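# Secondary and tertiary structure notes
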Amino acid sequence: MLLESGRLATEHRKGCIENQSGLDRMAILNRPRSSGPYPDRDIACQEAVEQSFLLIAQGLKPDDITAAAGGKLVPQLMALARQAESVGWSLEEAEVAISDLSQNLLDDMAQM
């Protein structure tokens, strides 16, 4: 992840498709390996939503990222959690993954 002119950029943006609104660009999300628990399922969920999260985060205010780190997802991030749910993740694990990614992003920004 790179920070350029106050905006996030990722090195890889391939695999993106337009979502139904046509306004945002979302990556295709990976499904869980199985429907039941498995080691590091939480990490797999973070990896599944990370690219889309970073794209959405570009348009969010720092306060929105802070709120998400505390578990209060803005509508754009809630839509991502629902998208993850639609491919097999539970809504709760998607929300936790997005909150964790938000905290990681805040930590990365604080180190710059």
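Residues numbered from 1 in each chain as written. Predicted model: local features only at pLDDT ≥ 70, side-chain atom pairs only at ≥ 80, totals over all residues. Heavy atoms only, no water.

Turning to the overall build of the protein, a few remarks are in order. The helix and strand inventory of the protein stands at four helices and four strands. Helices and strands in the protein line up, N terminus first, as β-β-β-β-α-α-α-α. A fraction of 61% describes how many contacts in the protein between residues 6 or more apart in sequence connect residues 24 or more apart. Surface exposure of the protein reaches about 7000 Å², of which carbon and sulfur atoms provide 50%. (Helix = DSSP H or I, 4+ residues; strand = E, 2+ residues; numbered from the N terminus. Contact = heavy atoms within 4.5 Å. Areas by Shrake-Rupley, 256 points an atom, 1.4 Å probe, with all protein chains shown as cover.)

As a further point, take the pattern of salt bridges. The tally for this structure, following the rule as stated, stands at one salt bridge. When the shortest N-O distance is used, the salt bridge between Arg-41 and Glu-93 registers 2.9 Å. Linking Arg-41 in helix 1 (residues 41-57) with Glu-93 in helix 4 (residues 91-110), this pair joins segments that are 52 residues apart in sequence. Of the two residues, Arg-41 and Glu-93, both sit in the buried class. (Salt bridge = Lys/Arg side-chain N within 4 Å of Asp/Glu carboxyl O. Buried < 20%, exposed > 50% of the residue type's maximum accessible area, 1.4 Å probe, protein only.)

By secondary structure assignment, the location of Gln-46 is in helix 1. You can call Gln-46 buried: its relative accessible area is 14%.

Here we come to the confidence of the model for the protein. Caution is warranted with low-pLDDT regions, since their predicted coordinates should not be read in detail. Averaged over every residue, the pLDDT of the protein is 82; the share at 70 or more is 77%. Overall, residues 1-24 carries pLDDT values under 50, and its contacts beyond four positions in sequence, including any with other chains, amount to 40 contacts. (pLDDT = per-residue confidence, 0-100.)

With that settled, consider the nonpolar core. The biggest cluster of nonpolar side chains holds 27 residues, and the ones touching the most others in it are Val-49, Phe-53, Leu-73, Leu-77, Leu-80, Trp-89 and Ile-98. Breaking this core down by element, the ones donating at least two residues are helix 1, helix 2 (62-69), helix 3 (75-86) and helix 4. It is helix 1 that provides the largest number of residues to this core, a total of eight residues. Leaving out residues up to four positions away in the same chain, Val-49 has contacts with Leu-29, Leu-80, Ala-84, Ala-97, Ile-98 and Leu-101. (Core = buried A, V, L, I, M, F, W, Y, C linked by side-chain atoms within 4.5 Å.)

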